[in-house]
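Coordinates in review
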Amino acid sequence: MTRLRKPIPKNQSEITQEAIGVPFIKNEGRPISETVFSKNRGEDLSMKDDKVKVINVGLQDLDYAVMYYFNNVIKPTVIQDGNKMTVETTYASPERWKSIQADGFYRDGNGKIIVPIIVFKRDNIEKVRTLGNKLDGNFAALYQVVGSKYNPRNAYDKFNLLNNRIPSEQFYVTAVPDYITVTYSCIVYTNFMEQNNKIVEAIEYASDSYWGDPNRWKFKASIDSFATTVNVEDGADRAAKSTFNIKLNGYLIPDTVNKDLAAARNKFYTKSQVIFDLEVVDSAGQVTNFETLRFANKPQAQNSLAATSFVGGGINVSNVTNVSSDLNNSEVAYLNTNTLKTANTVTAPNTAVFNSATLLQPPVGSSLPPTTVSNFSFFVNGVNVASSLITLVEASGNITLTFNTAGMGYTLVSTDEVIAVGKFQ
């Protein structure tokens, strides 16, 4: 008898898609396969104990930068009745700002004028489109990537260097911010014009500098003009007032759902590598390692020559321990010879000459095939060139290379670096 399978309850995404009837089109919304319910949590990396946290910069951070700079850098003060007083800075709520505009003064709950004081509020936010571009906010394609030198998977030690191992690197990913210009309206209230002048001078001197907490975020602020008036009310109320605007060049990285869904990952690790280098002898007879050959159009990709002896005729001997027992010491020495030389002259479009260079041939009477172009590895500006595209001619104590530029896809110029690694005499 067939057993009935217990029904599995549907999640909210499946219920919603059934109600729609047709899945979302890619260009019009996120497909079912890319919903948060189908996310592979195995690819997520915890940032619980990281010193580097997910970067979020909001409007409140910009407001805090202005407040911090007034209170901790400018530090406005006045002399009142022979005493030095610190001028308080406060952010005005919409209701408080409206009351200030209507009354002309800043008053406490009992209606008393508060002086000296600096009041500011945020007026306008304008997007700067000449800087930065995510291409698409819901499918962000541009990120800023920052790497850390050492991490739990890459602890500092010298064994990696001795073993020629590249450990796994750690990288943090941050979305490209939205650059904005924020305008603030500010009012300075003091009892006397002399006090007002001192505060305006300090604020004007701080213009065109970066405002904010050095341990958090700093933004460039500029102030273009000040307007100073003296408000006198019937009775005894009197105050000197200066108004000015601050233009703050800021940026936003909001903590929103669509940013988290669009971001690839907040943190990732690279794969560790073990590199096998080719030990060669240069023209001066010095033993060196020919490391890390870069390939065209892929500067991030790396490769190294294996420690292998290349022998013509299709024979490939990897190292001494794999050589047949019938090879004598002279033949083994020939097979293990790999010398690096740099061309003395490079002539456009396809010629390179090695001066005072001759080919190393197998010992007399050896069964090994003679040395040919296939016994060498060639590199132009660090890019490997197949030996099948090169014709090698030895004459008058020099070796001349002729390149098949049609097969290479480019021609040589006199400033190119041509390197050959192989069996030189």
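In short, a report on the structure. Nothing here was measured: the structure is a model prediction, and the numbers come from that model. (Residues numbered from 1 in each chain as written. Predicted model: local features only at pLDDT ≥ 70, side-chain atom pairs only at ≥ 80, totals over all residues. Heavy atoms only, no water.)

Description of the overall build of the protein chain
Secondary structure assignment for the protein chain yields eight helices and 28 strands. Within the protein chain, the fraction of its 425 residues that count as buried is 36%. For the protein chain, the proportion of contacts with a sequence separation of at least 24, taken over those separated by at least 6, is 70%. Looking at the protein chain as shown, the accessible area adds up to about 26500 Å², and 51% of this sits on carbon and sulfur atoms. (Helix = DSSP H or I, 4+ residues; strand = E, 2+ residues; numbered from the N terminus. Buried < 20%, exposed > 50% of the residue type's maximum accessible area, 1.4 Å probe, protein only. Contact = heavy atoms within 4.5 Å. Areas by Shrake-Rupley, 256 points an atom, 1.4 Å probe, with all protein chains shown as cover.)

Description of empty space enclosed by the protein
Going through the model one piece at a time under the given rule, you end up with one cavity of 30 Å³ or more. Of the pockets and cavities examined, the largest cavity occupies roughly 30 Å³. If you go around the largest cavity, the residues you meet are Asp61, Tyr64, Ala65, Gly212, Asp213, Arg216 and Trp217. It is helix H2 (residues 59–74) that provides the largest number of residues to the lining of the largest cavity, a total of three residues. Considered class by class, the residues forming the lining of the largest cavity number three nonpolar, one polar and three charged. (1 Å grid on protein atoms, 1.4 Å probe; cavity = no way out; pocket = protein on both sides within 12 Å on 5 of 7 lines; lining within 4 Å. Points joined across faces, edges and corners; volume = space filled by probe spheres on them. Nonpolar A, V, L, I, M, F, W, Y, C, P; charged D, E, K, R; others polar.)

Brief notes about the pattern of salt bridges
Following the criterion strictly, the structure yields four salt bridges and no others. One salt bridge connects Lys121 with Asp123, and the closest N-O pair in it is separated by 2.2 Å. Overall, the relative accessible area of 37% leaves Asp123 in the partly exposed class. (Salt bridge = Lys/Arg side-chain N within 4 Å of Asp/Glu carboxyl O.)

A look at the pairing of strand S23 (residues 351–354)
Of the pairings in the sheet, the one linking strand S22 (residues 345–347) to S23 comprises three bridges and is antiparallel in character. Looking at the pairing, Val346 lines up with Ala352 of S23. Between the antiparallel neighbours S22 and S23 lie three residues. The sheet contact formed by S23 and strand S27 (residues 398–403) spans four bridges and is antiparallel. Bridging from a neighbouring strand, Phe354 pairs with Ile399 of S27. (Pairing = 2+ DSSP bridges.)

Some words on a negative patch on the surface
A contiguous patch of negative charge on the surface is contributed by Glu201, Glu204, Asp208 and Asp224. Its relative accessible area of 47% is what places Glu201 among the partly exposed residues. (Patch = residues over 30% accessible without salt bridge, like charges linked within 9 Å, V, L, I, M, F, W, Y side chains within 5 Å. Lys, Arg positive; Asp, Glu negative; His and termini not counted. Charge placed at Lys NZ, Arg CZ, Asp CG, Glu CD.)

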